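# Chain and residue survey
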Amino acid sequence: MNDSVGADGAIAVDEAPGSRRPPAEWKNERKKRRIDMPVFQSEQELYDVLGRFFERVAETEESKELIASTELGLGYDAFVQYVFHKPEAKITWTVENGALKIVCGETGLRPELVFEQTADVGHKFWLGKLDLQQALARQQIKVQGPLVNALKVLPQLDAIYPAYREYLQEIGRDDLLQR
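Residues numbered from 1 in each chain as written. Predicted model: local features only at pLDDT ≥ 70, side-chain atom pairs only at ≥ 80, totals over all residues. Heavy atoms only, no water.

This next bit is on the packing of helix 2 (residues 43-58) against helix 7 (residues 154-170). Two numbers describe how helix 2 lies on helix 7: the axes approach to 11 Å, and their chain directions differ by 125 degrees. With respect to each other, helix 2 and helix 7 are oriented oblique. The element helix 2 and its partner helix 7 pack so that their crossing is right-handed. From helix 2, Asp48, Val49, Leu50, Arg52, Phe53, Arg56 and Val57 reach across to helix 7, where they touch Ile160, Ala163, Tyr164, Tyr167, Leu168 and Glu170. Classifying every residue of the contact of helix 2 with helix 7 gives nine nonpolar, no polar and four charged. (Axes fitted to C-alpha atoms, helices over the stretch in contact; angles between N-to-C directions. Helix = DSSP H or I, 4+ residues; strand = E, 2+ residues; numbered from the N terminus. Parallel < 35°, antiparallel > 145°, perpendicular 65-115°, else oblique. Left-handed = near helix turned anticlockwise from the far one by under 90°. Contact = heavy atoms within 4.5 Å. Nonpolar A, V, L, I, M, F, W, Y, C, P; charged D, E, K, R; others polar.)

Structure follows, in structure tokens:
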């Protein structure tokens, strides 16, 4: 290894030829870029990943049973809406002809529950890396509406987390599993 002093007085450390370890500043730079980059680069990418995943979840027997056993409150025509920031996006779960329907984007539907969070937080949540109760306490996720309704579905979420991981692998987005 060779050390040299630059014009600014900083010591530069060169790795030995053939060394497999990159300089520490490269590692720190990669780590910094990964932290600064949002999981989803655009609203459309979020819809293509989370929106399509939710459509798949809507087809499961568990979702069908949940819809059959749930009654919307007076004045509401949607169960839940996820409001995402960075990028800005909305995904709404409603019922159409007795089946769960996913609506991506702006809508005139009135959801009974609204969960607001960054897209990164939403992604971590569906990966099972973020506990809902802790996220609510830390205000990483903000809720409007009867929280008791949201807490009723917590037991079913344990079955959905692995499905999200599998879905990401299936669509070739293994890169999102590490985020």
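Next up on the list: the pattern of salt bridges. All chains considered together, the criterion is met by seven salt bridges. Taking the shortest distance from any N to any O, the salt bridge between glutamate 55 and arginine 52 comes out at 3.0 Å. Here glutamate 55 and its partner arginine 52 are both found in helix 2, three residues apart, which amounts to about one turn of the helix. Residue lysine 101 pairs with glutamate 96 through a salt bridge whose shortest N-O separation is 3.2 Å. Through salt bridges with shared partners, one network takes in Glu45, Arg173 and Asp175. (Salt bridge = Lys/Arg side-chain N within 4 Å of Asp/Glu carboxyl O.)

Once that is clear, we can look at the pairing of strand 4 (residues 89-96). Note: strand 3 (residues 78-85) against strand 4, six bridges, orientation antiparallel. Within the sheet, the bridge partner assigned to alanine 78 lies in strand 4 and is threonine 94. Counted between consecutive antiparallel strands, the loop separating strand 3 from strand 4 contains three residues, among which lysine 86 sits at a positive phi close to 60 degrees. In the sheet, strand 4 pairs with strand 5 (residues 99-104) via six bridges, with the strands oriented antiparallel. Among the inter-strand pairings, threonine 92 is bridged to a residue of strand 5, identified as valine 103. (Pairing = 2+ DSSP bridges.)

On to the environment of tryptophan 126, then. For tryptophan 126, the location among the structural elements is in helix 4 (residues 119-127). Along the chain, tryptophan 126 and tyrosine 164 lie 38 residues apart, while their C-alpha atoms are 6.5 Å from each other. Dropping the residues within four chain positions of it, tryptophan 126 is found in contact with Leu50, Phe53, Phe54, Tyr82, Leu157, Ile160, Tyr161 and Tyr164.

When the terminal C-alpha atoms of helix 2 are compared, their 21 Å separation across 16 residues agrees well with the 22 Å that a helix rising 1.5 Å per residue should span. Taken as a whole, helix 2 has its buried residues at Glu45, Leu46, Tyr47, Val49, Leu50, Gly51, Phe53, Phe54, Val57 and Ala58. In the core, the buried residues of helix 2 are packed alongside helix 3 (61-69), strand 3, strand 4, strand 5, helix 4 and helix 7. (Expected span 1.5 Å × (residues − 1). Buried < 20%, exposed > 50% of the residue type's maximum accessible area, 1.4 Å probe, protein only.)

Strands sit in the order 5-4-3-6-7 across an open sheet of five strands; the sheet is mixed. In the strand order of this sheet, the two ends are held by strand 5 and strand 7 (142-144), each with one partner. The average undirected angle you get between the axes of adjacent strands in this sheet is 15 degrees. Against the sheet, helix 4 touches strand 3 and strand 6 (111-118), its axis set at about 105 degrees to strand 6.

Summarising burial for strand 3: seven of the eight residues are buried, a large majority. Bridge analysis of strand 3 against strand 6 gives seven bridges, and the strand direction is parallel. The residue of strand 6 that forms the bridge with valine 83 is glutamate 116.

This part is about the side chain of threonine 94. Structurally, threonine 94 can be placed in strand 4. Residue threonine 94 is classed as buried on the basis of its relative accessible area, which comes to 5%. Side-chain polar atoms of threonine 94 contact the backbone oxygen of aspartate 77, separated by 2.5 Å. Apart from the residues lying within four places of it in its own chain, the contact partners of threonine 94 are Asp77, Ala78, Phe79, Ala99, Leu100, Lys101, Val103 and Leu109. (Polar contact = N/O pair within 3.5 Å; in protein donor to acceptor, adjacent residues only side chain to side chain.)

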